[in-house]
Amino acid sequence: MDPSGNDGLLPAITSRTVNEELGAEVFFKCENLQRMGAFKFRGAFNALSKFTPEQRKAGVIAFSSGNHAQAIALAARLLGIPATIVMPHDAPAAKVAATKGYGGDVVVYDRYQEDREQIGRELAEKHGLTLIPPYDHPDVLAGQGTAAKELFEEVGPLDAFFAPLGGGGLLSGCALAARALAPTCSIYGVEPEAGNDGQQSFRSGNIVHIETPRTIADGAQTQHLGHITFPLIRRDVTDILTASDAELVECMAFMASRMKLVVEPTGCLGFAAARQMKSRLRGKRVGVLVSGGNVDLARFCSLVASASFIAC
Ligand SMILES: *Cc1c(COP(=O)(O)O)cnc(C)c1O
(Lines give C-alpha, C1' and ligand atoms only; values in the text may rest on other atoms or scores of the structure.)
Protein backbone atom coordinates (compact mmCIF):
# COMPACT_ATOMS: atom_id res chain seq x y z
CA MET A 1 0.00 0.00 0.00
CA ASP A 2 1.32 3.48 -0.85
CA PRO A 3 1.66 6.15 1.88
CA SER A 4 -1.85 7.45 1.23
CA GLY A 5 -3.17 4.05 2.28
CA ASN A 6 -4.94 3.84 -1.04
CA ASP A 7 -4.37 1.06 -3.50
CA GLY A 8 -4.26 3.58 -6.33
CA LEU A 9 -3.75 7.32 -6.53
CA LEU A 10 -6.87 9.51 -6.53
CA PRO A 11 -6.39 11.91 -9.42
CA ALA A 12 -6.77 15.66 -8.95
CA ILE A 13 -10.14 17.02 -10.07
CA THR A 14 -10.68 20.10 -12.25
CA SER A 15 -13.78 22.15 -13.04
CA ARG A 16 -14.27 24.34 -16.11
CA THR A 17 -16.68 26.53 -14.16
CA VAL A 18 -14.08 27.16 -11.44
CA ASN A 19 -11.36 27.83 -14.00
CA GLU A 20 -13.62 30.36 -15.73
CA GLU A 21 -14.66 31.98 -12.46
CA LEU A 22 -11.07 32.45 -11.28
CA GLY A 23 -9.43 32.86 -14.67
CA ALA A 24 -6.92 30.30 -13.41
CA GLU A 25 -6.17 26.61 -13.78
CA VAL A 26 -7.29 25.01 -10.51
CA PHE A 27 -6.49 21.46 -9.36
CA PHE A 28 -8.46 20.03 -6.43
CA LYS A 29 -6.82 17.33 -4.29
CA CYS A 30 -9.93 15.59 -3.02
CA GLU A 31 -9.25 14.07 0.38
CA ASN A 32 -13.00 13.83 0.90
CA LEU A 33 -12.64 10.80 -1.38
CA GLN A 34 -9.78 9.43 0.73
CA ARG A 35 -10.29 6.31 2.85
CA MET A 36 -12.43 7.11 5.91
CA GLY A 37 -13.28 10.42 4.28
CA ALA A 38 -10.38 12.71 5.22
CA PHE A 39 -6.63 13.21 4.85
CA LYS A 40 -6.16 12.22 8.53
CA PHE A 41 -5.84 8.62 7.42
CA ARG A 42 -2.43 9.48 5.92
CA GLY A 43 -0.88 10.73 9.15
CA ALA A 44 -2.40 7.98 11.25
CA PHE A 45 -1.23 5.26 8.87
CA ASN A 46 2.27 6.70 8.63
CA ALA A 47 2.63 7.07 12.41
CA LEU A 48 1.38 3.56 13.16
CA SER A 49 3.57 2.06 10.42
CA LYS A 50 6.61 3.28 12.37
CA PHE A 51 5.69 1.48 15.61
CA THR A 52 8.19 -1.04 16.97
CA PRO A 53 6.93 -4.63 17.39
CA GLU A 54 6.46 -3.93 21.14
CA GLN A 55 4.41 -0.80 20.46
CA ARG A 56 2.30 -2.68 17.91
CA LYS A 57 1.57 -5.43 20.37
CA ALA A 58 0.58 -3.10 23.21
CA GLY A 59 -1.53 -0.78 21.05
CA VAL A 60 -2.26 2.86 20.32
CA ILE A 61 -4.38 5.44 22.15
CA ALA A 62 -5.85 8.66 20.77
CA PHE A 63 -8.22 11.36 22.04
CA SER A 64 -10.62 12.60 19.44
CA SER A 65 -14.27 12.88 18.62
CA GLY A 66 -13.52 13.67 14.99
CA ASN A 67 -11.66 12.45 11.94
CA HIS A 68 -8.47 11.60 13.86
CA ALA A 69 -10.39 8.97 15.87
CA GLN A 70 -11.62 7.23 12.76
CA ALA A 71 -8.24 7.52 11.08
CA ILE A 72 -6.41 5.89 14.00
CA ALA A 73 -9.05 3.17 14.35
CA LEU A 74 -8.89 2.27 10.64
CA ALA A 75 -5.11 2.47 10.30
CA ALA A 76 -4.73 0.34 13.45
CA ARG A 77 -7.10 -2.28 12.11
CA LEU A 78 -5.24 -2.48 8.81
CA LEU A 79 -1.94 -2.90 10.65
CA GLY A 80 -3.31 -5.32 13.25
CA ILE A 81 -2.72 -2.93 16.17
CA PRO A 82 -5.25 -2.63 19.02
CA ALA A 83 -6.66 0.92 19.23
CA THR A 84 -8.24 2.72 22.18
CA ILE A 85 -10.03 5.97 21.38
CA VAL A 86 -11.03 8.34 24.20
CA MET A 87 -14.15 10.33 23.25
CA PRO A 88 -16.42 12.72 25.14
CA HIS A 89 -19.71 11.12 26.26
CA ASP A 90 -21.66 13.61 24.12
CA ALA A 91 -19.72 12.95 20.87
CA PRO A 92 -22.10 12.53 17.89
CA ALA A 93 -23.46 8.98 17.81
CA ALA A 94 -22.47 8.65 14.15
CA LYS A 95 -18.81 9.36 14.98
CA VAL A 96 -18.77 6.89 17.86
CA ALA A 97 -20.40 4.27 15.61
CA ALA A 98 -17.92 4.92 12.78
CA THR A 99 -14.96 4.61 15.14
CA LYS A 100 -16.30 1.37 16.61
CA GLY A 101 -17.08 0.16 13.09
CA TYR A 102 -13.39 0.47 12.22
CA GLY A 103 -12.63 -1.73 15.23
CA GLY A 104 -11.62 0.97 17.73
CA ASP A 105 -12.22 0.35 21.43
CA VAL A 106 -14.09 3.52 22.47
CA VAL A 107 -13.70 4.79 26.05
CA VAL A 108 -16.09 7.62 26.89
CA TYR A 109 -15.54 10.30 29.49
CA ASP A 110 -17.65 13.11 30.88
CA ARG A 111 -16.09 16.26 29.48
CA TYR A 112 -17.57 18.39 32.28
CA GLN A 113 -16.47 16.15 35.15
CA GLU A 114 -13.34 14.31 34.05
CA ASP A 115 -9.92 15.23 32.76
CA ARG A 116 -9.27 13.38 29.50
CA GLU A 117 -5.51 13.84 29.75
CA GLN A 118 -5.53 12.02 33.04
CA ILE A 119 -7.77 9.24 31.73
CA GLY A 120 -5.48 8.83 28.75
CA ARG A 121 -2.30 8.86 30.82
CA GLU A 122 -3.68 6.24 33.18
CA LEU A 123 -4.80 3.97 30.36
CA ALA A 124 -1.53 4.45 28.49
CA GLU A 125 0.57 3.65 31.56
CA LYS A 126 -1.52 0.71 32.67
CA HIS A 127 -1.47 -0.97 29.25
CA GLY A 128 1.74 0.45 27.77
CA LEU A 129 -0.13 2.21 24.95
CA THR A 130 1.49 4.77 22.62
CA LEU A 131 -0.35 8.09 22.35
CA ILE A 132 -0.67 9.51 18.83
CA PRO A 133 -1.82 13.15 18.86
CA PRO A 134 -3.88 14.57 15.97
CA TYR A 135 -1.29 17.01 14.60
CA ASP A 136 1.77 17.76 16.73
CA HIS A 137 3.84 14.70 15.83
CA PRO A 138 6.58 14.33 13.15
CA ASP A 139 5.20 11.11 11.65
CA VAL A 140 1.65 12.47 11.62
CA LEU A 141 2.55 15.68 9.79
CA ALA A 142 4.86 13.84 7.39
CA GLY A 143 1.97 11.53 6.50
CA GLN A 144 -0.41 14.46 5.95
CA GLY A 145 2.15 16.06 3.62
CA THR A 146 1.89 13.14 1.19
CA ALA A 147 -1.38 14.71 -0.03
CA ALA A 148 0.50 17.75 -1.36
CA LYS A 149 3.39 15.60 -2.55
CA GLU A 150 1.01 13.57 -4.72
CA LEU A 151 -0.55 16.74 -6.13
CA PHE A 152 2.81 18.35 -7.01
CA GLU A 153 3.99 15.12 -8.64
CA GLU A 154 0.77 14.66 -10.57
CA VAL A 155 0.05 18.15 -11.93
CA GLY A 156 3.50 19.72 -12.13
CA PRO A 157 4.48 23.25 -11.15
CA LEU A 158 1.91 25.32 -9.23
CA ASP A 159 1.96 29.04 -8.40
CA ALA A 160 -0.27 28.87 -5.32
CA PHE A 161 -1.58 26.16 -2.99
CA PHE A 162 -4.38 26.47 -0.40
CA ALA A 163 -4.99 24.08 2.53
CA PRO A 164 -7.22 24.20 5.63
CA LEU A 165 -5.54 24.92 8.96
CA GLY A 166 -6.46 23.59 12.41
CA GLY A 167 -3.52 22.53 14.56
CA GLY A 168 -1.24 22.61 11.53
CA GLY A 169 -0.36 18.96 10.85
CA LEU A 170 -1.76 19.16 7.34
CA LEU A 171 -0.32 22.58 6.52
CA SER A 172 3.16 21.94 7.92
CA GLY A 173 3.39 18.60 6.09
CA CYS A 174 2.23 20.16 2.81
CA ALA A 175 4.68 23.05 3.26
CA LEU A 176 7.51 20.55 3.76
CA ALA A 177 6.51 18.74 0.57
CA ALA A 178 6.43 22.07 -1.27
CA ARG A 179 9.86 23.02 0.08
CA ALA A 180 11.27 19.95 -1.65
CA LEU A 181 9.07 19.70 -4.75
CA ALA A 182 7.59 23.15 -5.44
CA PRO A 183 9.85 25.74 -3.82
CA THR A 184 8.45 28.66 -5.84
CA CYS A 185 4.80 27.86 -5.03
CA SER A 186 3.09 30.23 -2.56
CA ILE A 187 1.58 28.19 0.28
CA TYR A 188 -1.52 29.48 2.10
CA GLY A 189 -3.15 28.05 5.23
CA VAL A 190 -6.81 28.89 5.73
CA GLU A 191 -8.63 29.10 9.08
CA PRO A 192 -12.21 29.80 10.08
CA GLU A 193 -12.66 33.55 10.61
CA ALA A 194 -13.97 32.94 14.16
CA GLY A 195 -10.76 31.13 15.17
CA ASN A 196 -7.76 32.86 13.61
CA ASP A 197 -5.20 31.87 16.25
CA GLY A 198 -2.91 30.54 13.52
CA GLN A 199 -2.97 33.85 11.66
CA GLN A 200 -2.24 35.73 14.88
CA SER A 201 0.58 33.31 15.70
CA PHE A 202 2.03 33.50 12.20
CA ARG A 203 2.11 37.30 12.28
CA SER A 204 3.30 37.72 15.89
CA GLY A 205 5.88 34.91 15.95
CA ASN A 206 4.43 33.30 19.11
CA ILE A 207 1.85 30.54 19.49
CA VAL A 208 -1.41 32.33 20.36
CA HIS A 209 -4.04 30.41 22.38
CA ILE A 210 -7.78 31.13 21.97
CA GLU A 211 -11.08 29.79 23.35
CA THR A 212 -12.70 27.02 21.26
CA PRO A 213 -14.06 29.03 18.30
CA ARG A 214 -17.74 28.93 17.31
CA THR A 215 -17.74 27.88 13.66
CA ILE A 216 -19.30 25.23 11.45
CA ALA A 217 -15.72 24.17 10.53
CA ASP A 218 -15.49 21.57 13.30
CA GLY A 219 -12.25 20.08 11.95
CA ALA A 220 -10.48 23.39 12.60
CA GLN A 221 -11.81 24.26 16.05
CA THR A 222 -8.36 23.97 17.54
CA GLN A 223 -7.23 26.45 20.20
CA HIS A 224 -3.57 26.73 19.18
CA LEU A 225 -0.90 25.49 16.76
CA GLY A 226 1.59 22.84 17.87
CA HIS A 227 5.17 23.25 19.07
CA ILE A 228 6.33 21.13 16.13
CA THR A 229 3.92 22.43 13.48
CA PHE A 230 4.28 26.17 14.23
CA PRO A 231 8.00 26.65 13.39
CA LEU A 232 7.55 24.69 10.13
CA ILE A 233 4.57 26.85 9.19
CA ARG A 234 6.40 30.06 10.08
CA ARG A 235 9.37 29.01 7.93
CA ASP A 236 7.69 27.65 4.83
CA VAL A 237 4.18 29.12 4.59
CA THR A 238 3.47 32.35 2.66
CA ASP A 239 0.49 33.57 4.70
CA ILE A 240 -2.51 32.48 6.78
CA LEU A 241 -5.94 33.57 5.52
CA THR A 242 -9.46 33.17 6.92
CA ALA A 243 -12.91 32.31 5.57
CA SER A 244 -16.33 32.94 7.13
CA ASP A 245 -18.94 30.26 7.81
CA ALA A 246 -21.16 31.85 5.13
CA GLU A 247 -18.36 31.50 2.55
CA LEU A 248 -17.88 27.83 3.53
CA VAL A 249 -21.57 27.15 3.00
CA GLU A 250 -21.42 28.77 -0.45
CA CYS A 251 -18.49 26.52 -1.35
CA MET A 252 -20.24 23.40 -0.05
CA ALA A 253 -23.27 24.16 -2.22
CA PHE A 254 -21.12 24.98 -5.24
CA MET A 255 -19.01 21.85 -4.95
CA ALA A 256 -22.06 19.63 -4.48
CA SER A 257 -23.95 21.16 -7.38
CA ARG A 258 -21.20 21.74 -9.94
CA MET A 259 -18.53 19.23 -9.01
CA LYS A 260 -20.71 16.48 -7.53
CA LEU A 261 -18.58 16.46 -4.37
CA VAL A 262 -19.77 16.14 -0.77
CA VAL A 263 -17.37 18.24 1.29
CA GLU A 264 -17.55 18.96 5.03
CA PRO A 265 -17.43 22.63 6.10
CA THR A 266 -13.74 22.50 7.13
CA GLY A 267 -12.87 20.89 3.81
CA CYS A 268 -13.99 24.05 1.97
CA LEU A 269 -11.57 26.49 3.68
CA GLY A 270 -8.93 26.34 0.93
CA PHE A 271 -11.41 26.83 -1.91
CA ALA A 272 -13.11 29.71 -0.07
CA ALA A 273 -9.78 31.54 0.26
CA ALA A 274 -8.88 30.93 -3.40
CA ARG A 275 -12.23 32.50 -4.39
CA GLN A 276 -11.50 35.55 -2.22
CA MET A 277 -8.14 36.00 -3.95
CA LYS A 278 -9.69 35.66 -7.37
CA SER A 279 -8.13 38.63 -9.19
CA ARG A 280 -4.66 37.83 -7.91
CA LEU A 281 -4.84 34.26 -9.23
CA ARG A 282 -5.63 35.23 -12.84
CA GLY A 283 -3.50 33.19 -15.26
CA LYS A 284 -1.98 31.11 -12.46
CA ARG A 285 -1.85 27.39 -11.75
CA VAL A 286 -3.49 26.75 -8.39
CA GLY A 287 -3.78 23.74 -6.05
CA VAL A 288 -6.68 23.47 -3.58
CA LEU A 289 -6.65 20.81 -0.91
CA VAL A 290 -10.15 19.59 -0.06
CA SER A 291 -9.48 18.07 3.35
CA GLY A 292 -12.52 15.94 4.12
CA GLY A 293 -16.12 14.95 3.47
CA ASN A 294 -17.33 13.60 6.79
CA VAL A 295 -20.54 15.46 7.40
CA ASP A 296 -23.79 13.98 8.55
CA LEU A 297 -26.16 14.07 5.56
CA ALA A 298 -28.95 15.87 7.44
CA ARG A 299 -26.50 18.58 8.53
CA PHE A 300 -25.11 18.83 5.01
CA CYS A 301 -28.62 19.32 3.59
CA SER A 302 -29.59 21.99 6.10
CA LEU A 303 -26.33 23.92 5.57
CA VAL A 304 -26.53 23.74 1.79
CA ALA A 305 -30.21 24.74 1.86
CA SER A 306 -29.18 28.01 3.55
CA ALA A 307 -26.68 28.91 0.79
CA SER A 308 -27.57 31.90 -1.37
CA PHE A 309 -26.05 30.13 -4.38
CA ILE A 310 -28.97 28.39 -6.10
CA ALA A 311 -27.80 24.82 -6.37
CA CYS A 312 -30.28 23.50 -8.93
C1 LIG B 1 -8.15 17.73 11.15
C2 LIG B 1 -8.76 18.38 9.98
C3 LIG B 1 -8.29 19.62 9.49
C4 LIG B 1 -7.17 20.40 10.16
O5 LIG B 1 -5.95 19.69 10.15
P6 LIG B 1 -4.73 20.08 11.10
O7 LIG B 1 -3.68 19.10 10.81
O8 LIG B 1 -5.25 20.00 12.52
O9 LIG B 1 -4.38 21.48 10.78
C10 LIG B 1 -8.87 20.14 8.33
N11 LIG B 1 -9.87 19.49 7.70
C12 LIG B 1 -10.36 18.31 8.14
C13 LIG B 1 -11.45 17.67 7.39
C14 LIG B 1 -9.82 17.71 9.30
O15 LIG B 1 -10.31 16.55 9.73
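These figures come from a predicted structure and were not determined experimentally.

Visitor: I would appreciate a short explanation of the overall build of the chain in the present structure.
Guide: The number of helices and strands found in the chain is 13 helices and nine strands. Taking 20 Å as the expected radius of gyration for a compact globule of 312 residues, we find that the chain reaches 19 Å, a close match to that expectation. Along the first, second and third principal axes, the C-alpha atoms of the chain reach 60 × 40 × 40 Å. The 312 residues of the chain split such that 57% are buried. Split by element, the accessible area of the chain, about 13400 Å² in all, is 51% carbon and sulfur.

Visitor: Just checking my understanding: could you explain the packing of helix 11 (residues 245-259) against helix 13 (residues 297-305) for this structure?
Guide: Between two packed helices, both the angle of their axes relative to each other and the distance between the axes serve to describe the pair. Contact pair helix 11 / helix 13: the axes reach a minimum separation of 8 Å and the direction vectors enclose 105°. Classed by the angle they form, the pair helix 11 and helix 13 counts as roughly perpendicular. The residues of helix 13 that touch helix 11, namely those facing Val249, Met252, Ala253 and Ala256, are Phe300, Leu303 and Val304. Across the contact of helix 11 with helix 13, the residue classes tally to seven nonpolar, no polar and no charged.

Visitor: Looking at this structure, I do not really get the sheet that holds strand 1 (residues 25-30). What am I missing?
Guide: Note on sheets: strands pair through backbone hydrogen bonds, and any given pair is parallel or antiparallel. The parallel open sheet is built from five strands, whose spatial order is 1-9-6-7-8. Since the sheet does not close on itself, it has two edges, and those belong to strand 1 and strand 8 (239-243), each with one partner. Here the strands of the sheet are splayed against their neighbours by 25° on average, with no regard to which way each runs. The sheet contact formed by strand 7 (residues 186-192) and strand 8 spans five bridges and is parallel. Pairing of Tyr188 across the sheet is with Asp239, part of strand 8. Packing against the sheet, helix 9 (residues 197-204) makes contact with strand 7 and strand 8, and its axis sits at approximately 155° to strand 8.

Visitor: Hey, could you run me through helix 13 in this one?
Guide: Think of an α-helix as turning once every 3.6 residues; residues three or four places apart then point the same way. For helix 13, the set of buried residues is Phe300, Leu303 and Val304. On an axial view of helix 13, the arc spanned by its buried residues comes to 95°, and they lie on one face. Opposite the packed face of helix 13, turned more than 90 degrees from it, sit the exposed residues Ala298 and Ala305. In this structure, the buried side of helix 13 is in contact with helix 11.

Visitor: For this particular structure, what's the right way to read the site of the ligand?
Guide: Among the 16 residues in the neighbourhood of the ligand, the closest are listed as Lys40, Asn67, Gly166, Gly168 and Ser291. A distance of 2.8 Å separates an oxygen atom of the ligand from a polar side-chain atom of Asn67. Within the backbone of Gly167, one N or O atom sits 2.9 Å away from an oxygen atom of the ligand. In isolation the ligand offers 380 Å² of accessible surface; the protein chains occlude 97% of this area. A breakdown of the residues in the shell around the ligand according to their chemical character gives five nonpolar, nine polar and two charged.

Visitor: Please explain unusual backbone geometry as it appears in this structure.
Guide: Peptide bonds are, in most cases, trans, and in most cases residues other than glycine have a negative phi. For Met36, which is not a glycine, the phi torsion comes out positive at approximately 55°. Relative to the helices and strands, Met36 resides in the loop between strand 1 and helix 2 (40-49). Overall, Met36 belongs to the buried group, its relative accessible area being 8%. Phi at Lys260 is positive, roughly 60°, even though this residue is not glycine. With respect to the helices, strands and loops of the structure, Lys260 is situated in the loop between helix 11 and helix 12 (269-281).

Visitor: Any chance you could explain the nonpolar core here in plain terms?
Guide: If you look at soluble globular proteins, the nonpolar side chains tend to sit buried side by side. Membership of the largest hydrophobic core comes to 41 residues, with the highest contact counts inside it found for Phe28, Phe162, Met255 and Val288. Here the element with the most residues in this core is helix 11; it accounts for eight residues. Here Met255 is in contact with Phe28, Lys260, Leu261, Val263, Cys268, Phe271 and Val290, once residues within four sequence places are set aside. Formed by 28 residues, the second largest nonpolar core is a distinct cluster that contains Phe39, Ala147, Leu151 and Leu289.

Visitor: What's the story with the state of the cysteines in this structure? I'm lost.
Guide: By definition, a disulfide links the sulfur atoms of two cysteines through a covalent bond. Counted under the stated rule, the structure contains zero disulfides. Left without a disulfide partner, Cys30 is nearest to the cysteine sulfur of Cys268, which lies 11 Å away. On the basis of relative accessibility, which here comes to 4%, the residue Cys30 falls in the buried class.

Visitor: Sorry, what's going on with the packing of aromatic side chains here?
Guide: In this description, an aromatic ring pair is defined by two values, namely the gap between the centres and the angle between the planes. Inspection of the entire model under this criterion finds five aromatic pairs. Residues Phe28 and Phe271 carry aromatic rings whose centres are separated by 5.2 Å and whose planes lie at 80° to one another, so their mutual orientation is edge-to-face. Linking Phe28 in strand 1 with Phe271 in helix 12, this pair joins segments that are 243 residues apart in sequence. Of the residues examined, Phe28 reaches a relative accessible area of 0% and is grouped as buried. Each residue in the set Phe28, Phe254 and Phe271 is aromatic and connected to the rest through ring pairs, giving one cluster. Here Arg275 stacks its cationic end above the ring of Phe254, 5.0 Å away from the centre of that ring.

Rules used throughout
Residues numbered from 1 in each chain as written. Predicted model: local features only at pLDDT ≥ 70, side-chain atom pairs only at ≥ 80, totals over all residues. Heavy atoms only, no water. Helix = DSSP H or I, 4+ residues; strand = E, 2+ residues; numbered from the N terminus. Rg over C-alpha atoms; globule rule 2.2 N^0.38 Å. Buried < 20%, exposed > 50% of the residue type's maximum accessible area, 1.4 Å probe, protein only. Areas by Shrake-Rupley, 256 points an atom, 1.4 Å probe, with all protein chains shown as cover. Axes fitted to C-alpha atoms, helices over the stretch in contact; angles between N-to-C directions. Parallel < 35°, antiparallel > 145°, perpendicular 65-115°, else oblique. Contact = heavy atoms within 4.5 Å. Nonpolar A, V, L, I, M, F, W, Y, C, P; charged D, E, K, R; others polar. Pairing = 2+ DSSP bridges. Arc of directions from axis to C-beta. Near = heavy atom within 4 Å. Polar contact = N/O pair within 3.5 Å; in protein donor to acceptor, adjacent residues only side chain to side chain. Core = buried A, V, L, I, M, F, W, Y, C linked by side-chain atoms within 4.5 Å. Disulfide = S-S within 2.5 Å. Phe/Tyr/Trp six-rings, centres within 6.5 Å; stacked < 30°, edge-to-face > 60°. Lys NZ or Arg CZ within 6 Å of the ring centre and 35° of its normal.

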